[in-house]
Amino acid sequence: MDKFIINGGRQLRGTVNISGAKNAAVAILPAVLLSGGVCVIENVPQIKDVTIDLKILAHLGADIRLLNKSAVRIDARRIRNVPIPYELARHIRASYYFLGALLAKFNHAKVSMPGGCDLGDRPIDQHIKCFKSLGAESVIEHGMVEISASSLVGTQVYFDKVTVGATINAMLASVKAQGLTILENAAKEPHIVDLANFLNSMGADIMGAGTDVIKIRGVKSMCETNYTIIPDQIEAGTYMVAAAATKGDVIIKGIIPKHLEPISSKLRKVGAQVVESDECVRVIGATEYERTNIKTMPHPGFPTDMQPQFAALLVLAKGTSILTEGIFDNRFRYVEELRRMGADISVDGKVAVIEGVERLTGAQVKAADLRAGAALMIAGLSASGTTQVEEIRHIERGYEDMDLKLKALGADIVKRKFPDVEVMARVG
Ligand code: UD1
């Protein structure tokens with residue numbers, strides 16, 4: 001139960017390097033088992049979700065070696081088809097990508113129902129729909145999802161809603177199916193394209209990723225590859241908003257500006273300066289911010305994973321801003337905590353109404369989920385006084401060295417063990 005202690009009110013200044021994309025990494029790592037050989041994956045973020053994925057791969061029989069801080073060599077030659085238990089799968093949502101990957105490799109997979117952030121109801125009906133359409137049967141019993149097929153045959157699937165997870169699982173499951181699979185109403189997020197590029201580098205035949213129709217022609221076998229994961233658009237966006245909220249001046253490096261367009265455009269709208277170049281974006285904060293309205297939508301709309309962080313900026317904007325959550329049922333779990341810091345926010349269902357206030361004041365707050373935690377970090381950085389952010393295990397699931405990166409930008413932040421063993425010893 002570690003926590004971050006932030007003495008707020010310092011402007012962030014300098015350059016921050018962005019790590020590899022969490023949501024791409026957690027799709028690509030399970031896909032490695034399809035290679036049947038040795039793959040080297042670079043730009044892997046050092047975050048808890050990746051550690052869990054690597055533990056699952058090791059549980060399946062992969063030999064894993066870290067080549068440096070962000071490169072990993074995975075030998076998938078001895079992968080076995082064994083169930084993935086609750087203790088491993090419960091920590092991350094993306095553990096369900098092993099369903100698609102194992103199904104493609106062994107025509108069978110048994111994985112505990114996935115965990116991840118509590119953002120409301122998160123069914124997996126669209127994943128199952130696609131597996132069934134490929135010819136597999138599914139049973140959910142004792143908390144385990146079991147999928148089996150005598151063979152997988154190419155199919156046409158129309159997703160009832162745009163879902164990142166089901167699109168990825170469908171790509172994984174169909175990559176070796178006989179014939180052509182067509183996915184319609186597919187998600188278009190950058191990590192979908194990255195997974196397609198990765199699978200193609202292993203010999204897959206996938207076209208159209210990044211549009212709403214993806215065509216996958218099944219191949220007989222796949223090969224080894226070396227691959228570099230794209231930068232994390234949400235980590236980059238989080239530092240962009242943190243720069244603005246602290247009225248700072250930060251260069252966010254190692255990014256793909258195109259992936260950040262919805263965030264850059266909203267930051268400009270409220271009054272920050274955003275200057276793009278090849279692999280960098282510079283955010284120069286304003287002294288005051290204007291109100292705005294945001295509705296989260298599938299890519300290329302405004303990402304739901306940036307909604308809490310943007311709220312932490314809008315609480316300080318002049319006037320009334322309206323945030324509408326268009327993806328998840330329960331993504332305002334940070335609101336209560338921001339109120340403790342002086343924010344004026346009311347929530348009705350999937351809509352939050354934010355009345356801008358002059359300032360936030362530091363308080364003891366708890367991260368309810370990953371991006372809620374990021375929002376509290378931003379609020380703590382801009383607030384006057386000290387903020388203690390608890391439950392930082394959520395933040396560490398998705399942000400590499402967040403405290404160190406912020407410190408390098410001038411933030412006054414420390415990570416404390418809780419309970420603090422030294423303090424406990426002193427008070428007896
Ligand atoms: C992924 C991301 C997450 C991001 C989200 C939306 C990963 C590991 N996580 O989550 O960071 O916030 O996309 O961009 O990449 N749904 C169904 N049935 C299904 C699947 C989804 O009804 O079978 C619903 C969900 O409840 C949600 C919506 O579809 O309301 C979108 O979910 P989805 O895009 O699948 O999100 P995740 O893949 O879970």
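Only a predicted model underlies this, so the values are computations on that prediction, with no experimental measurement involved. (Residues numbered from 1 in each chain as written. Predicted model: local features only at pLDDT ≥ 70, side-chain atom pairs only at ≥ 80, totals over all residues. Heavy atoms only, no water.)

Enquirer: Explain the sheet that holds strand β7 (residues 137–141) to me, and be specific about the residues and the numbers.
Expert: Strand pairing in a sheet takes place through backbone hydrogen bonds and is either antiparallel or parallel in direction. Reading across the sheet, the three strands line up as β6-β8-β7 and stay open at both edges, with antiparallel pairing between neighbours. Edge strands, defined here as strands with exactly one partner in the open sheet, are β6 (108–112) and β7. Strand-to-strand twist across the sheet, computed as the mean angle between neighbouring axes with direction ignored, equals 10 degrees. Pairing of β7 with strand β8 (residues 144–148) involves five bridges; the strand directions are antiparallel. What sits directly across from E141, in β8, is M144. (Pairing = 2+ DSSP bridges. Helix = DSSP H or I, 4+ residues; strand = E, 2+ residues; numbered from the N terminus. Axes fitted to C-alpha atoms, helices over the stretch in contact; angles between N-to-C directions.)

Enquirer: Any chance you could break down empty space enclosed by the protein for me, citing the residues and the numbers?
Expert: All chains considered together, the criterion is met by two cavities of 30 Å³ or more. What the largest cavity holds in volume is close to 80 Å³. Lining the largest cavity are 13 residues, and of these A21, N23, H191, D232 and Q233 lie nearest its centre. Among the elements that make up the lining of the largest cavity, the one with the highest residue count is helix α1 (residues 22–31) (three residues). Residues that form the lining of the largest cavity fall into these classes: six nonpolar, four polar and three charged. Its volume calculated, the second largest cavity comes out at about 30 Å³. Surrounding the second largest cavity, S19, G20, K22, P45, I47, D232, E235, G398, Y399 and E400 form its lining. A per-class count over the lining of the second largest cavity returns three nonpolar, three polar and four charged. (1 Å grid on protein atoms, 1.4 Å probe; cavity = no way out; pocket = protein on both sides within 12 Å on 5 of 7 lines; lining within 4 Å. Points joined across faces, edges and corners; volume = space filled by probe spheres on them. Nonpolar A, V, L, I, M, F, W, Y, C, P; charged D, E, K, R; others polar.)

Enquirer: Tell me about the pattern of salt bridges, residues and numbers included.
Expert: One pass over the full model with this rule turns up 20 salt bridges. The shortest N-O distance in the salt bridge between D329 and K350 comes to 3.8 Å. Of the two residues, D329 is situated in the loop between β18 (320–324) and α11 (335–340) and K350 in the loop between β19 (344–348) and β20 (351–355); the sequence distance between them amounts to 21 residues. For K350, a relative accessible area of 32% puts it in the partly exposed group. Through salt bridges with shared partners, one network takes in K22, D49 and R397. (Salt bridge = Lys/Arg side-chain N within 4 Å of Asp/Glu carboxyl O. Buried < 20%, exposed > 50% of the residue type's maximum accessible area, 1.4 Å probe, protein only.)

Enquirer: I'd like a rundown of the packing of α1 against helix α4 (residues 97–106), residues and numbers included.
Expert: α4 packs onto α1 with a crossing angle of 25 degrees between their chain directions and a minimal axis gap of 9 Å. Relative to α4, the element α1 lies roughly parallel. You can see that α1 and α4 cross each other, and the crossing is right-handed. Where α1 abuts α4, its residues V26, A27 and P30 lie against Y97, F98 and A101. For the contact of α1 with α4, the class distribution of residues is six nonpolar, no polar and no charged. (Parallel < 35°, antiparallel > 145°, perpendicular 65-115°, else oblique. Left-handed = near helix turned anticlockwise from the far one by under 90°. Contact = heavy atoms within 4.5 Å.)

Enquirer: I'd like a rundown of the sheet that holds β19, residues and numbers included.
Expert: Strand order in the open sheet formed by four strands is β17-β18-β20-β19, and the pairing between neighbours is mixed. This sheet does not close on itself; its edge strands, each paired only once, are β17 (293–295) and β19. Ignoring which end each strand starts from, the neighbouring axes of this sheet average 15 degrees apart. Helix α10 (residues 307–314) contacts β17, β18 and β20 of the sheet and is inclined by roughly 175 degrees relative to β18.

Enquirer: For the packing of helix α8 (residues 233–245) against α10, give the residues involved together with the corresponding values.
Expert: Relative orientation and spacing of two packed helices are given, respectively, by the angle between their axes and the distance between those axes. Where α8 meets α10, the closest approach of the two axes is 9 Å, and the angle between their N-to-C directions is 5 degrees. In terms of their interaxial angle, α8 and α10 are classed as roughly parallel. When α8 is examined against α10, the residues I234, T238, V241, A244 and A245 are found in contact with a partner set consisting of Q309, F310 and L313. Classifying every residue of the contact of α8 with α10 gives six nonpolar, two polar and no charged.

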